[in-house]
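# An overview of the molecular structure
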Amino acid sequence: MQGNKRLLRTVILALAMLFLYLPIVTLIVYSFNESKMVTIWTEFSLRWYVALFHNEAIISAVLISLTVALLTACASVVIGTLAAFVLVRVTSFRGESAFVLFITAPMVLPEVITGLALLLLFVTLGEIIPWFADRGIFAIWVAHVTFCASYTTVVIRSRFRELDISIEEAAMDLGAGPVKVFFAIILPAIMPAEVAAFLLSFTMSMDDLVIASFVAGPESTTLPMLIFSSVRRGLSPEINALASIIVLIVSVFTFFAWLSMVKKQKRVASDLAKARRADLLEKRRLFRSRREAA
């Protein structure tokens, strides 16, 4: 009976993995296809990888997307940390409900509405601030920070709620100021949430198509915009090569992140085991000393 259940679980897991990853594997395989037709295999070739690195439009789109995503992640984490700190550590204040509403509203608003609203805002501000009139990287960055900050606030806020405030009070009793307590106590404690929020913002910015399509100018084409326009004209094999490189990079980073997490868990388990052994030895020593004293 147990063997049948184990076999059934294995089959279900294999089918699920096949359903999820077979399209990605197919894309990677066809990125080495020599033919211009992405669905017809002719022979193995690195032709489209070579063509990819000579395609200035794709290289420019990748650089723009990476720049915007990195700046967006940094700004969103800073804003999310400050917003989470206010929501968790500051006592009730006038306008608290409105603050929570405005900081989380971009999460539930349709991207079409957000993109249209930002476009109208940038057109209006463009008459005063030239950066918005150009609708370049700066405008895309502001638009991405607008909705990414909401997600970072939620992620970091959940971690803030789990912190033990007594540690911060002890540090302040010992003479540490609020700034030192934040950087020496709070920030290291919430660092896992900070990293998770950074990666989430980076991914969402890299993946955004709708909002960027509204606010981007003609000379600021992001990678999703380029891929979408390429698909509408007919999928190019260079896109397969680009997607394969992205999958490889993400897989490598994911593997090392998983490896780091496993090592950290083993180190924590080892430290706990050592602490328990030390505590047990200390109890035995105290017990023997009491017996000898008696």
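Conventions we followed
Throughout, a residue's number is its position along its own chain's written sequence, starting from 1. Per-residue local features are limited, in this predicted model, to residues with pLDDT of at least 70; the limit for side-chain atom pairs, both in listing and counting, is 80 or more; totals at the level of whole chains, interfaces and linings are taken over all residues. Side-chain numbers come from the whole structure's heavy atoms, not from hydrogens or water. Only DSSP runs of H or I covering at least 4 residues are called helices, and only runs of E covering at least 2 are called strands; the numbering of each starts at the N terminus. Put simply, the radius of gyration uses C-alpha atoms, and a globule should come to 2.2 Å times the residue count raised to 0.38. Whether two residues touch is decided by their heavy atoms; if any such pair falls within 4.5 Å, the residues are in contact. Positive: Lys, Arg. Negative: Asp, Glu. His and the chain ends are not part of the count. By convention, charge coordinates are those of NZ in Lys, CZ in Arg, CG in Asp, or CD in Glu. Salt bridges are defined as contacts in which a side-chain nitrogen from Lys or Arg sits within 4 Å of a carboxyl oxygen from Asp or Glu. Residue burial is assigned from relative accessible area. The probe radius is 1.4 Å, only protein chains are included, and a residue is buried under 20% of its type maximum, exposed over 50%, and partly exposed in between. An expected span of 1.5 Å times one less than the residue number is assigned to each helix. Counted as a polar contact is a pair of N or O atoms within 3.5 Å, where, for protein atoms, one must be capable of donating a hydrogen and the other of accepting one, and residues adjacent in sequence contribute only when both atoms are in side chains. With a 1 Å grid laid over protein atoms only, a set of points is called a cavity when a 1.4 Å probe fits there but cannot get out and a pocket when it is open yet has protein on both sides within 12 Å along at least five of seven lines; lining residues have an atom within 4 Å of a point. Grid points are joined across faces, edges and corners, and a volume is the space filled by probe spheres set on the points. Lys, Arg, Asp and Glu make up the charged group, whereas Ala, Val, Leu, Ile, Met, Phe, Trp, Tyr, Cys and Pro make up the nonpolar group; the residues left over, Gly among them, are polar. The axes are straight lines fitted to the C-alpha atoms, using for helices just the contacting stretch, and the angles between their N-to-C directions are given from 0 to 180°.

As a further point, take the overall build of the protein. For the protein, the count of helices and strands is twelve helices and zero strands. Helices and strands in the protein line up, N terminus first, as α-α-α-α-α-α-α-α-α-α-α-α. Taken over C-alpha atoms, the radius of gyration comes to 26 Å for the protein, far larger than the 19 Å a tight globule of 294 residues would show. In terms of principal-axis extent, the alpha carbons of the protein reach across some 90 × 65 × 40 Å. Taking all contacts inside the protein whose residues are at least 6 apart in sequence as the whole, residues at least 24 apart take part in 70%. Between the averaged position of the 27 positive side-chain charges in the protein and that of its 21 negative side-chain charges there is a distance of 15 Å.

Take the pattern of salt bridges next. Overall, the coordinates contain three salt bridges when judged by the stated rule. We note a salt bridge from Glu34 to Arg47, for which the minimum N-O separation is 3.3 Å. Within this pair, whereas Glu34 is found in the loop between helix 1 (2-30) and helix 2 (47-52), its partner Arg47 is found in helix 2, the two being separated by 13 residues in sequence. A relative accessible area of 33% places Arg47 in the partly exposed class. The salt bridge partner of Glu162 is Arg159, with a shortest N-O separation of 3.2 Å. Using a relative accessible area of 59% as the deciding quantity, one classes Glu162 as exposed.

Take the environment of Val154 next. Inspection of the secondary structure assignment puts Val154 in helix 7 (residues 137-160). The class for Val154 is partly exposed, based on a relative accessible area of 40%. Considering only alpha carbons, one finds Val154 and Ile103, 51 residues apart in sequence, at a separation of 9.4 Å.

Between the first and last C-alpha of helix 3 (residues 56-89) there are 49 Å, a value that for 34 residues agrees with the 50 Å anticipated at 1.5 Å per step. Looking at where helix 3 begins, the residue whose side-chain oxygen comes 3.1 Å from the main-chain nitrogen of Ala57 is Asn55.

Another point: the layout of surface pockets. Which parts of space are left empty comes out when a probe the size of a water molecule is rolled across the atoms. Estimated volume of the largest pocket: approximately 1,000 Å³. Along the walls of the largest pocket sit 27 residues, with Phe202, Met206, Ile246, Ile249 and Val250 positioned nearest its centre. If you list the elements that add at least two residues to the lining of the largest pocket, you get helix 3, helix 9 (178-207), helix 11 (223-233) and helix 12 (237-293). Approximately 210 Å³ is the volume found for the second largest pocket. As for the second largest pocket, its lining consists of Phe85, Arg89, Ile165, Glu168, Glu169, Met172, Pro178, Val179, Val181, Phe182, Phe183 and Ile186. Those elements that place two or more of their residues in the lining of the second largest pocket are helix 3, helix 8 (165-173) and helix 9. Ranked by residue count, the leading element in the lining of the second largest pocket is helix 9, at six residues. In the lining of the second largest pocket, the residues fall into nine nonpolar, no polar and three charged.

With that out of the way, let us pick up helix 11. Along helix 11, the residues classified as buried are Leu223, Pro224, Met225, Leu226 and Ser230. Contact partners of the buried residues in helix 11: helix 3, helix 9, helix 10 (210-215) and helix 12.

What follows concerns the side chain of Ser205. Turning to its location among the elements, Ser205 is positioned in helix 9. Those residues in contact with Ser205 that lie beyond four places of it in its chain are Val68, Ala69, Thr72, His144 and Cys148.

A word on the packing of helix 3 against helix 11. Running from amino to carboxyl end, helix 3 crosses helix 11 at an angle of 140°, the nearest separation of the two axes being 8 Å. Residue-level contacts link Ala57, Ile58, Ala61, Val62 and Ser65 of helix 3 to Leu223, Pro224 and Leu226 of helix 11. Of the residues belonging to the contact of helix 3 with helix 11, the class tally is seven nonpolar, one polar and no charged.

A word on empty space enclosed by the protein. Scanning the entire structure with this criterion turns up one cavity of 30 Å³ or more. In this structure, the largest cavity occupies an estimated 40 Å³ of space. Forming the walls of the largest cavity are Ser65, Val68, Ala69, Ile140, His144, Ser205, Met206, Asp208, Thr222 and Pro224. Elements that contribute at least two residues to the lining of the largest cavity include exactly helix 3, helix 7 and helix 9. Top element by residues in the lining of the largest cavity is helix 3. It accounts for three residues. Here the residues of the lining of the largest cavity are counted per class, giving five nonpolar, four polar and one charged.

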